[in-house]
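Summary of structural features
Residues per chain are reported as follows:
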Amino acid sequence: MLETLSNFYHGLNAVGRTTAITTPLLLLAVAVLLVLERKYPYRKGLPFFREGLFLDLFWYTLVQSYFLQILIFGFIIAPLARHFGAQFHWVSDWPVAAQVGFFVVTHDFYIYWFHRFQHNSAFFWRTHEAHHSGKQVDWLAGSRSHAVEIIINQTIEFAPIILLGANPIVVPIKALIDAVWGMYIHANVDVHSGKLQYVINGPEMHLWHHADHEEVYFANFSTKFAVWDWLFGTAYLPEGRKPVRWGLPYAFPKDYFLQHAFSVRRFDEAALAERSAWFRGYHGVRFRLLGWLGRRVPAARALQGWDVPDGAPETVARRPGNNPAPVAVTSAEPSRPVATPS
Ligand SMILES: [Zn+2]
Ligand SMILES: [Zn+2]
């Protein structure tokens, strides 16, 4: 058995061999985070089978990633590499660790600004709101990213690695770092990293970014290095407080395809169900089927998702992507206290 594994490993090329190491490391990171979430939860009582788990795992993590990898590497980066060929070898002579470090830092700096831009642009907010739509945030919640957001960000991430002549193994190494760090900042783990949170980003600041609180609609944009938020004046880290409302300040579809459709055109799911037989066919059947299953097998309710009462009032502040506040709350107290210590 060991010999077979060893033969398999040595038969792989460098990228394959690296992936054979990064994949078990990724699974190990998942296991560690799951244990930490159970042992030191940021929000107590958040179930493993939380709202949208199936959506994030099946549609976003497996299906979308699979097809977007083919699109990004096969149909965007490969033609670019063919066109520009071996013109740039800027980083080829560097040690692999330096190449990885360089691309991790520069891409993280880019992603800070693009993320900040997405929160301020009505158009690009549509490519990011899905990421904020979950009300129960955990290790897998970060995978929920609109396809356009992934295409833009991963092309800008991986094209330079290939075009600047990096060692090809930088791609799987960087993909592992992205995945583990991405899971970590969303993990429902009560981390207190002290001064480290000025540099290394973690759940302490990123879970606030997923809160529906007006003071963080335009804060905590960092992904890996929190230093960008502190440098550019967007850090938010209140002492001893946790969010009470989570997700988006407006209704958002729970289905993968409807989430993408909603980014192109706003619709009211209930009204659409009244009007369109096609919509009833698609949404109604799925909804009834999963509802029927959920009533018989309680754990299967996670497939459908459920409303999570957050027990807090609506906010009236300017919303990310300039989405208007619901009419009903505009006359209410203009500056309500947003959160209570928990
Ligand atoms: Zn965001
Ligand atoms: Zn996030």
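Residues numbered from 1 in each chain as written. Chains lettered and ligands numbered in written order. Predicted model: local features only at pLDDT ≥ 70, side-chain atom pairs only at ≥ 80, totals over all residues.

Where an unreviewed UniProt entry is consulted, the protein appears under the name Sterol desaturase/sphingolipid hydroxylase (Fatty acid hydroxylase superfamily), with the organism given as Hymenobacter caeli. As its UniProt record puts it under Subcellular location (unreviewed entry), the protein is described as follows: "Membrane". (UniProt positions renumbered as here; feature names shortened; annotations may be inferred.)

We now examine the packing of helix 4 (residues 96–120) against helix 7 (residues 170–186). One can describe the packing of helix 4 onto helix 7 by two numbers: an axis separation of 10 Å at closest approach and a directional angle of 50 degrees. When the interaxial angle is binned, helix 4 and helix 7 end up oblique. Crossing of helix 4 against helix 7: the hand is right-handed. Facing Val96, Gln99, Val100, Phe103 and Val104 of helix 4, the residues of helix 7 in contact are Val170, Ile173, Lys174 and Ile177. (Axes fitted to C-alpha atoms, helices over the stretch in contact; angles between N-to-C directions. Helix = DSSP H or I, 4+ residues; strand = E, 2+ residues; numbered from the N terminus. Parallel < 35°, antiparallel > 145°, perpendicular 65-115°, else oblique. Left-handed = near helix turned anticlockwise from the far one by under 90°. Contact = placed C-beta atoms within 7 Å.)

Now for the nonpolar core. Among the nonpolar cores identified, the biggest contains 25 residues, and Leu33, Trp139, Met183, Tyr184, Ala187, Trp208 and Val216 are the most heavily contacted of them. In this structure Trp139 touches Val30, Leu33, Leu34, Glu37, Met183, His186 and Ala187, once residues within four positions along its chain are discounted. In terms of nonpolar packing, the next biggest core, distinct from the first, is built from eleven residues, Val100, Phe103, Ala166 and Ile169 among them. (Core = buried A, V, L, I, M, F, W, Y, C linked by C-beta atoms within 7 Å. Buried ≥ 20, exposed ≤ 12 C-beta atoms within 10 Å, placed from the backbone.)

Any region with low pLDDT has predicted coordinates that should not be read closely. On average, residues of the protein score 87 in pLDDT, and 87% of them are at 70 or above. Within the model, pLDDT remains below 50 along residues 306–315, and this stretch shows 20 contacts once partners closer than five positions in the same chain are excluded. Note that pLDDT drops below 50 for residues 328–342; the model gives that stretch 20 contacts with residues more than four away or on any other chain. (pLDDT = per-residue confidence, 0-100.)

Here we take up the UniProt feature "transmembrane region" (unreviewed entry) in the protein. In the numbering used here, UniProt assigns the "transmembrane region" (unreviewed entry) feature to residues 20–36, 57–81 and 96–114. When the span residues 20–36 is considered, its composition is 100% helix and 0% strand, and the gap between its end C-alpha atoms is 25 Å. In residues 96–114, helix accounts for 100% and strand for 0%; the two terminal C-alpha atoms are 27 Å from one another.

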